[in-house]
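Residues per chain, in single letters:
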Amino acid sequence: MLQLLYTAIFAEMLLILTLVFKTPLRKLVIVSLDRVKRGRGPVVVSTVGATLVVVLASSLYSMAKIQQRTLEAGIVNPTDQVLMSKHMLEASLMGFLLFLSLMIDRLHHYIRELRLLRKTMEAIKKQSRSFEDGKNGHTEEQKALSEEIATLKSTIKKLESECEAKGHRAKTLESEVEALKKQSEGFLMEYDRLLEDNQSLGNQMHAIDPDNKKSM
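Keep in mind that what you see is a predicted model, and the values were worked out from it rather than measured.

A few words on the overall build of the protein chain. Secondary structure assignment for the protein chain yields 5 helices and 0 strands. Shown N-terminal to C-terminal, the secondary structure of the protein chain runs as helices and strands in the order α-α-α-α-α. Scaling as 2.2 N^0.38, a compact globule of 216 residues should have a C-alpha radius of gyration of about 17 Å, whereas the protein chain reaches 29 Å, well beyond that. If you line up the protein chain on its principal axes, its C-alpha atoms span 115 × 35 × 30 Å.

Okay, here's the thing in structure tokens:
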């Protein structure tokens, strides 16, 4: 379970880095995500997400039961402590996985919006140039064209500002990816520590069992 979660997290982080940085694979990834969001793709993604949420809720419920049992007993059981650590790590990884999935969806959405804005800007610029080239000597027509050109220029400025705002947002998401990468490294260190604790507790329990057998 943990290995599967780590594999999925690293795959999603690689996908986010591919979307953030302009590489030859970026176009292929965007086309793949477009196909996933068509047909039965959203149903499959929703089913997987719902399954992860159910498993996450189950881990949280198990943690609550272990905590309640520890409080009632008043003694920390080594087995319960290991199970508590395992459920906590699984819940953290599943929550992190869902967060990365949401980030991939938002990144893909913003990239599509940026592409549409750029195409609209290019069409408006071509239309503005055609109007400027088609000016004639009539004063009234020149005034009408000048007003329309001014309107088009203001629209272009507005679209450029929106494009710049989307660019800033993409940079913010890139910084969040770096932070998530550092958090993932922290999860790996926590996982190694939990393995060491588990091995130590196992050795202690093996050391306790022979004593019990001798007393019997």
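Moving on, we come to the pattern of salt bridges. Taken as a whole and judged by the stated rule, the model has 3 salt bridges. Note that Asp105 is salt-bridged to Arg106, the shortest N-O span being 3.2 Å. For Asp105, a relative accessible area of 27% corresponds to the partly exposed category. A relative accessible area of 34% places Arg106 in the partly exposed class. Note that Lys166 and Glu113 form a salt bridge whose closest N and O atoms lie 2.8 Å from each other.

The predicted model of the protein chain averages 79 in pLDDT, with 91% of residues at 70 or higher. In the predicted structure, residues 212-216 sits below a pLDDT of 50 and forms 0 contacts with residues beyond four places in sequence or in another chain.

Let us now look at helix H1 (residues 2-20). The terminal C-alpha atoms of H1 lie 27 Å apart, and with 19 residues this matches the ideal 27 Å at 1.5 Å per residue to within 8%. Of all the residues in H1, the buried ones are Leu2, Leu5, Tyr6, Ile9, Glu12, Met13, Ile16, Thr18, Leu19 and Val20.

Okay, the nonpolar core next. If you look at the biggest cluster of nonpolar residues, it comprises 33 residues, and the most contacted ones within it are Ile9, Ile16, Leu19, Leu93, Leu100, Met103 and Leu107. For this core, the secondary-structure elements that each account for two or more residues are H1, helix H2 (24-36), helix H3 (41-73), helix H4 (78-133) and helix H5 (139-215). Broken down by element, this core gets its largest block of residues, 13 residues, from H4. When neighbours within four sequence positions are excluded, Leu19 is seen to be in contact with Arg26, Val29, Ile30, Leu33, Ile104, Leu107 and Ile111. Core analysis: the second largest hydrophobic core is formed by 6 residues, Leu117, Ile124, Ile156 and Leu159 among them.

Before going further, it helps to spend a moment on the packing of H1 against H2. Where H1 meets H2, the closest approach of the two axes is 8 Å, and the angle between their N-to-C directions is 115°. The angle between the axes of H1 and H2 places the two elements in the roughly perpendicular class. The element H1 and its partner H2 pack so that their crossing is left-handed. In this structure, H1 contributes Leu15, Thr18, Leu19 and Val20 to the contact, and H2 contributes Leu25, Arg26, Val29, Ile30 and Leu33. Within the contact of H1 with H2, the residues separate by chemical class into 7 nonpolar, 1 polar and 1 charged.

What follows covers the UniProt feature "domain: Bap31/Bap29 cytoplasmic coiled-coil" (unreviewed entry) in the protein chain. The sites that UniProt annotates as "domain: Bap31/Bap29 cytoplasmic coiled-coil" (unreviewed entry) are residues 147-202. Secondary structure within residues 147-202 divides into 100% helix and 0% strand; the distance between the first and last C-alpha atoms comes to 81 Å.

Once that is clear, we can look at H3. Counted at 1.5 Å a residue, the expected span for H3 with its 33 residues is 48 Å, and the 48 Å between its end C-alpha atoms agrees. With its phi angle positive at about 75°, Gly74 sits one or two positions after the end of H3.

Structurally, the position occupied by Tyr110 is in helix H4. With near-sequence residues (within four places) excluded, Tyr110 lies in contact with Lys166, Arg169 and Leu173.

Cut-offs and rules
Per-chain numbering applies: the sequence of each chain, read as written, is numbered from 1 onward. Confidence filtering applies because this is a predicted model: local features only for residues at pLDDT of at least 70, side-chain atom pairs given and counted only at 80 or more, and all residues used for totals across whole chains, interfaces and linings. Side-chain metrics in this entry use all non-hydrogen atoms of the structure; hydrogen atoms and water are not considered. A helix here means a DSSP run of H or I that spans at least four residues, while a strand means a run of E at least two residues long, and both kinds are numbered starting from the N terminus. Between the two quantities, the radius of gyration covers C-alpha atoms and the globule rule is 2.2 Å times the number of residues to the power 0.38. Just to be clear on terms, a salt bridge is a Lys or Arg side-chain nitrogen sitting within 4 Å of an Asp or Glu carboxyl oxygen. A simple rule labels every residue: compare its accessible area, found with a 1.4 Å probe on the protein chains alone, to the largest value its type can have, and call it buried under 20%, exposed over 50%, or partly exposed in between. Each residue carries a pLDDT value, the predictor's own confidence for that position, ranging from 0 to 100. We call two residues in contact whenever any of their non-hydrogen atoms come within 4.5 Å of each other. Working rule for helices: expected span equals 1.5 Å times residues minus one. Residues belong to one nonpolar core when they are buried, are Ala, Val, Leu, Ile, Met, Phe, Trp, Tyr or Cys, and are joined through side-chain atoms within 4.5 Å. Under this scheme, a helix contributes an axis fitted over its contacting stretch, all axes are lines through C-alpha atoms, and angles between N-to-C directions fall in the 0 to 180 degree range. Convention used here: angles under 35 degrees read as roughly parallel, angles over 145 as roughly antiparallel, angles from 65 to 115 as roughly perpendicular, and any remaining angle as oblique. Two helices cross in a left-handed way if the nearer one is turned anticlockwise from the farther one by less than a right angle. They cross in a right-handed way if the turn is clockwise. Gly is put with the polar residues, along with every residue not named as nonpolar or charged; the nonpolar set is Ala, Val, Leu, Ile, Met, Phe, Trp, Tyr, Cys and Pro, and the charged set is Asp, Glu, Lys and Arg. UniProt positions are given in the numbering used here, feature names are shortened, and annotations may be inferred rather than shown by experiment.

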